[in-house]
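Single-letter residue listing:
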Amino acid sequence: MTGLQTPVKLPAQTELQTPTKPSRLWSTVFAIAVGAVVLVAGAGLKITWSDLPAMPGQIAHYLRLMFEAPNLEKLPRALFETWRSISMAWLGAIMCVVVSIPLGMLAANGVGPWWLRTALRGVFAVIRAIPEVIIALILLTVTGLTPFTGALALGIAGIGTQGKWVYETIESVQEGASEAVRAAGGNTAEVTRWALWPAAAPTLMSFALYRFEINIRTSAVLGLVGAGGIGSMLSNYTNFRQWDTVGMLLIVVVIATMLMDAVSGAIRRRIMEGAKVRDVARSS
Amino acid sequence: MHTDARRVEAGDIPASTSWPVELKSVSVTYPNGTKALQDVSLRIEPGEMVSIVGLSGSGKSTLIRTINGLVQATDGTVTVGPHEITGLSGRRLREARGHIGMIFQGFNLAERTDVFHNVLVGRFAHSSPFRTLLGLPTKADRELALRALDSVGMLEKVWARANALSGGQKQRVAIARALTQQPSIMLADEPVASLDPPTAHGVMRDLRRINGERGLTVLINIHLMDLARQYTTRMIGLRDGAVVYDGPAGAATDADFEQIYGRPIQSDDTLDARA
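Please read all numbers here as calculations on a predicted model, not as lab measurements.

## Describing the overall build of chain A
Secondary structure summary: chain A contains 11 helices and 0 strands in total. Reading chain A from its N end, one meets helices and strands in the order α-α-α-α-α-α-α-α-α-α-α. With the C-alpha coordinates of chain A rotated into their principal frame, the extents come out at 85 × 65 × 45 Å. The burial tally for chain A puts 35% of its 284 residues in the buried class. Relative to all contacts within chain A whose residues are 6 or more apart in sequence, the contacts with residues 24 or more apart total 74%.

## A word on the UniProt feature "domain: ABC transporter" (unreviewed entry) in chain B
Residues given the UniProt feature "domain: ABC transporter" (unreviewed entry) here are residues 21-265 of chain B. Helix makes up 36% of residues 21-265 of chain B and strand 24%, with an end-to-end C-alpha separation of 30 Å.

## A few points about the sheet that holds strand β2 (residues 35-44) of chain B
Residues and elements named next belong to chain B. In space, the 4 strands of this open sheet follow the order β2-β1-β4-β5, with antiparallel pairing throughout. In this open sheet, the two strands that pair with only one neighbour each are β2 and β5 (83-84). In terms of strand pairing, strand β1 (residues 21-29) meets β2 through 6 bridges, oriented antiparallel. In the sheet register, Leu23 faces β2, and the bridge partner there is Leu42.

## A word on the UniProt feature "domain: ABC transmembrane type-1" (unreviewed entry) in chain A
As recorded in UniProt, the feature "domain: ABC transmembrane type-1" (unreviewed entry) lies at residues 82-264 of chain A. Secondary structure content for residues 82-264 of chain A is 85% helix and 0% strand, and the end C-alpha separation is 16 Å.

## Examining the environment of Ala140 of chain B
Secondary-structure assignment places Ala140 of chain B in helix α6 (residues 139-151). Along the backbone, Ala140 of chain B and Arg177 of chain B are 37 residues apart, and their C-alpha atoms lie at a distance of 15 Å.

## Focus on the sheet that holds strand β8 (residues 217-221) of chain B
All names here are of chain B. Spatially, 6 strands are ordered β6-β7-β8-β3-β9-β10 in an open sheet, and the strand pairing comes out mixed. Looking at which strands have only one partner, the edges of the open sheet turn out to be β6 (100-103) and β10 (242-248). Taken pair by pair, the neighbouring strands of this sheet meet at an average axis angle of 15°, ignoring direction. Looking at chain direction, strand β7 (residues 185-189) and β8 are connected through 5 bridges and run parallel.

## Some words on the UniProt feature "transmembrane region" (unreviewed entry) in chain A
Residues and elements named next belong to chain A. Look at the UniProt record and you will see "transmembrane region" (unreviewed entry) annotated at residues 25-45, 89-112, 133-159, 219-240 and 246-267. Structurally, residues 89-112 is divided into 75% helix and 0% strand, and its ends, taken at the C-alpha atoms, are 30 Å apart. Within residues 246-267, the helical portion is 100% and the strand portion 0%, while the C-alpha atoms at the span's ends are 31 Å from each other.

## Re the packing of helix α6 (residues 132-143) of chain A against helix α9 (residues 188-223) of chain A
All names here are of chain A. Two elements in contact, α6 and α9, have axes whose closest approach is 10 Å; the angle formed by their N-to-C orientations is 50°. Considering their axes alone, α6 and α9 lie oblique with respect to each other. Between α6 and α9 lies a crossing whose hand is right-handed. Of the residues in α9, those touching α6 at Glu132, Val133 and Ala136 are Thr218, Val221 and Leu222. Considering only residue class, the contact of α6 with α9 consists of 4 nonpolar, 1 polar and 1 charged.

Criteria and thresholds
- Residues numbered from 1 in each chain as written.
- Chains lettered and ligands numbered in written order.
- Predicted model: local features only at pLDDT ≥ 70, side-chain atom pairs only at ≥ 80, totals over all residues.
- Helix = DSSP H or I, 4+ residues; strand = E, 2+ residues; numbered from the N terminus.
- Buried ≥ 20, exposed ≤ 12 C-beta atoms within 10 Å, placed from the backbone.
- Contact = placed C-beta atoms within 7 Å.
- UniProt positions renumbered as here; feature names shortened; annotations may be inferred.
- Pairing = 2+ DSSP bridges.
- Axes fitted to C-alpha atoms, helices over the stretch in contact; angles between N-to-C directions.
- Parallel < 35°, antiparallel > 145°, perpendicular 65-115°, else oblique.
- Left-handed = near helix turned anticlockwise from the far one by under 90°.
- Nonpolar A, V, L, I, M, F, W, Y, C, P; charged D, E, K, R; others polar.

Listed below in structure tokens is the structure:
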């Protein structure tokens, strides 16, 4: 109120009481330190900078080899392998979600006991720290070179992040409904089933589909270590240096991935927004 | 005292299942050091209709939550009917809560779940976990839930999702959920603070009817003077976690309210002025 009147009342010459500018010393020091680290890191690598001018030409050369005349001869095989990759991704996503939803819920504050929460979060963190490829390599020794190994690796590797998403979602659910269930004498299981689950379910379903999308991309990488699917085929033909077939495979991978992304993304949007649209229609 | 007079008034209403509430020197200090309640002693007789008034932060919410153990008293004892709430935990606390109905300012329904399953929450403390987790009520529980919905005029919405209801409808469903417990006492934490004036009067009338017809002990947290005077018979004033007023609600003067609030009356202290 007075703030609005001051400029009118006071003469223009009065010196403004500008707040002291906060010190930027530490952020400056930090920025310089980061810059130094970048320079030192670059200097440590033996990069032959003289090769750099030749790179664009090299890239263009290989792009031409791959895409000038993609070899469509192996297309049916490529589509079949793509299908195996998608199956692997889907199976892996289901395994991951089926395990991580209950475990993630138990790891949420207010659901599981503290010792279980700590243990589960520890397990999630360890899994997150291990790349899928490493898990696949370990599994290969047991289950052999099959797409099932890939699915299993995806299923296990995903639990780390998926479990974290689940408990963070559960913890972000509004308190109200849980309090009501507790006030009526409900136990933790009942609170979880009838207050937390209804509120979190659409988000969790969306995350499940998101896991599938991620797995489709990752399954191509897993193929590189021999877990089967389009990735294996890609890896083989790269080793044989049959660039025209590699080009065709890359096109298939990109199109298939984008297609599955679009379909899954559309379903996810429907899950998250569909309910809201229906509410508006009902309450009007 | 005034409580005796009201017991005579309510004498012809069967109140056999209604419970008294007794707080003996109850103090609550939250982990962050906030002293929410300080040495509160109260006795509420079965079948009383009590309002607890005070500004936000005065300890109303804490007081009402010590009665069903949602907040544990740091000191003192809370006794509700046959249960000493302060000594209970786990299964026995849940069993006691099963007899204490509660409604909230924010309704606290499971928004994406239908009205029927929201109301069935009221049977959780009284039925097997197997049935409650699967959402398969016994015939008797189903009947109780539907009757409770009918008694608040919400039976036709039984299959609607909670988030498709208006605020007033949600609060009625919440009342039905509490009634499904077949409670011996009813707690209401600012039940009308999120509602418009006509709906607020409707919900207050529902609470008065529950008190009148079933002889239930009803405790209502409220900060609106006119509603406290109009619908409740006894008023307890809280300020800074201590009881500063305890007397008949209808006779409470503006001066009494100013003393409870510790400041002059403002226009938003009454519902009708806000309308």
